[in-house]
Amino acid sequence: AQKVTQAQTEISVVEKEDVTLDCVYETRDTTYYLFWYKQPPSGELVFLIRRNSFDEQNEISGRYSWNFQKSTSSFNFTITASQVVDSAVYFCALSERNSGNTPLVFGKGTRLSVIA
Amino acid sequence: DAGVTQSPTHLIKTRGQQVTLRCSPKSGHDTVSWYQQALGQGPQFIFQYYEEEERQRGNFPDRFSGHQFPNYSSELNVNALLLGDSALYLCASSSGPRGGYTFGSGTRLTVV
């Protein structure tokens with residue numbers, strides 16, 4: 001069975017600090033996809049990134065970067081120079097295919113608070 | 001282009017009652033999935049509708065049922081409400097196997 005573990009329940013940082021959110025996953029599939037979503041107080045899940053199991057290249061998008069390590073089954077998310085607007089709950093998720101038809105398995109989320 | 005629209009945004013029901021939640025998918029999307037997010041937890045997959053039929057189902061009892069209409073909108077029905085059904089219910093729409101999900105802002109259901 002697929003499982004996603006986000007061990008950090010809550011993290012609090014001061015603005016401009018860097019912060020890393022951890023994600024560890026379990027799956028028996030050889031092909032799978034990993035996601036990060038942001039959930040602001042309004043409730044909707046905002047898509048941040050999708051990564052397939054065959055692509056272990058790290059990715060950077062502005063202040064966001066992701067480190068995928070298949071050997072340790074981890075897909076960590078780093079925010080550089082954090083801002084108050086980054087405050088939200090962040091979810092890591094897993095699916096067996098990058099498909100709009102495949103259910104996502106989510107971790108429990110990490111609540112990030114960025115203090116000005 | 002409107003995204004996923006859910007109604008109502010908030011709802012309070014009494015134990016034992018029945019509730020219906022509604023979802024209008026993003027324009028161009030034909031598949032609707034429902035997720036339950038309990039407080040402090042990640043979303044859990046309830047079921048998915050495509051071509052007006054339930055295609056996949058998560059580990060939820062039969063008290064949870066749904067429907068999809070010809071215009072692709074969907075309803076989630078929960079019968080015999082329990083206190084534990086209190087949660088944020090998220091609707092996600094998608095379009096075929098190549099698409100990703102777009103989530104709505106959810107309906108917050110409180111059962112008292």
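So, a few notes on the structure that sits alongside this text. (Residues numbered from 1 in each chain as written. Chains lettered and ligands numbered in written order. Predicted model: local features only at pLDDT ≥ 70, side-chain atom pairs only at ≥ 80, totals over all residues. Heavy atoms only, no water.)

**Let's talk about the pattern of salt bridges**
All names here are of chain A. Considering all chains together, one arrives at seven salt bridges over all chains under this definition. Among the ionic pairs, aspartate 86 bridges to arginine 63, the shortest N-O distance being 2.8 Å. Taken as a pair, aspartate 86 in the loop between β9 (74-79) and β10 (88-95) and arginine 63 in the loop between β7 (59-61) and β8 (64-69) lie far apart in primary sequence, 23 residues in all. For aspartate 86, a relative accessible area of 1% translates into the label buried. Using a relative accessible area of 24% as the deciding quantity, one classes arginine 63 as partly exposed. One salt-bridge network, held together by shared partners, links Arg51, Asp55 and Glu59. (Salt bridge = Lys/Arg side-chain N within 4 Å of Asp/Glu carboxyl O. Helix = DSSP H or I, 4+ residues; strand = E, 2+ residues; numbered from the N terminus. Buried < 20%, exposed > 50% of the residue type's maximum accessible area, 1.4 Å probe, protein only.)

**A short note on the nonpolar core**
Within the largest apolar cluster, 23 residues are counted, with the highest numbers of intra-cluster contacts made by Trp36, Phe75, Phe77, Tyr90 and Leu112 of chain A. Taken together, the elements giving at least two residues each to this core come down to β2 (10-14), β3 (19-21), β5 (33-39), β8, β9, β10 and β12 (110-115) of chain A. No other element matches β10 of chain A, which puts four residues into this core. Beyond its immediate sequence surroundings of up to four residues, phenylalanine 75 of chain A is in contact with Cys23, Leu34, Phe35, Trp36, Ile49, Arg51, Trp66, Asn67, Phe68 and Cys92 of chain A. Formed by 20 residues, the second largest nonpolar core is a distinct cluster that contains Val4, Ile46, Leu76 and Val78 of chain B. (Core = buried A, V, L, I, M, F, W, Y, C linked by side-chain atoms within 4.5 Å. Contact = heavy atoms within 4.5 Å.)

**Quick notes on the interface of chain B and chain A**
A common measure of how large an interface is: the accessible area buried when the components associate. Each partner contributes to the interface: chain B provides 20 residues, whereas chain A provides 17 residues. Of all residues in chain B, the largest losses of buried area upon contact with chain A belong to Pro43, Tyr101 and Phe103 of chain B, amounting jointly to 33% of the total for that side. Counting across the chain B and chain A interface gives zero salt bridges. Our count for the chain B to chain A interface comes out at three residue pairs in polar contact (both at pLDDT 80 or more). (Buried area = accessible area lost by both parts, 1.4 Å probe. Polar contact = N/O pair within 3.5 Å; in protein donor to acceptor, adjacent residues only side chain to side chain.)

**Some thoughts on the environment of glutamine 2 of chain A**
All names here are of chain A. Here glutamine 2 shows up in the segment before β1 (3-5). When the C-alpha atoms of glutamine 2 and valine 19 are compared, they prove to be 26 Å apart, with 17 residues separating the residues in sequence. In this structure, glutamine 2 is in contact with Glu26, Thr27, Asp29, Leu94, Ser95, Glu96 and Val105, ignoring residues within four places of it in sequence.

That's the geometry; what it means functionally is another story.
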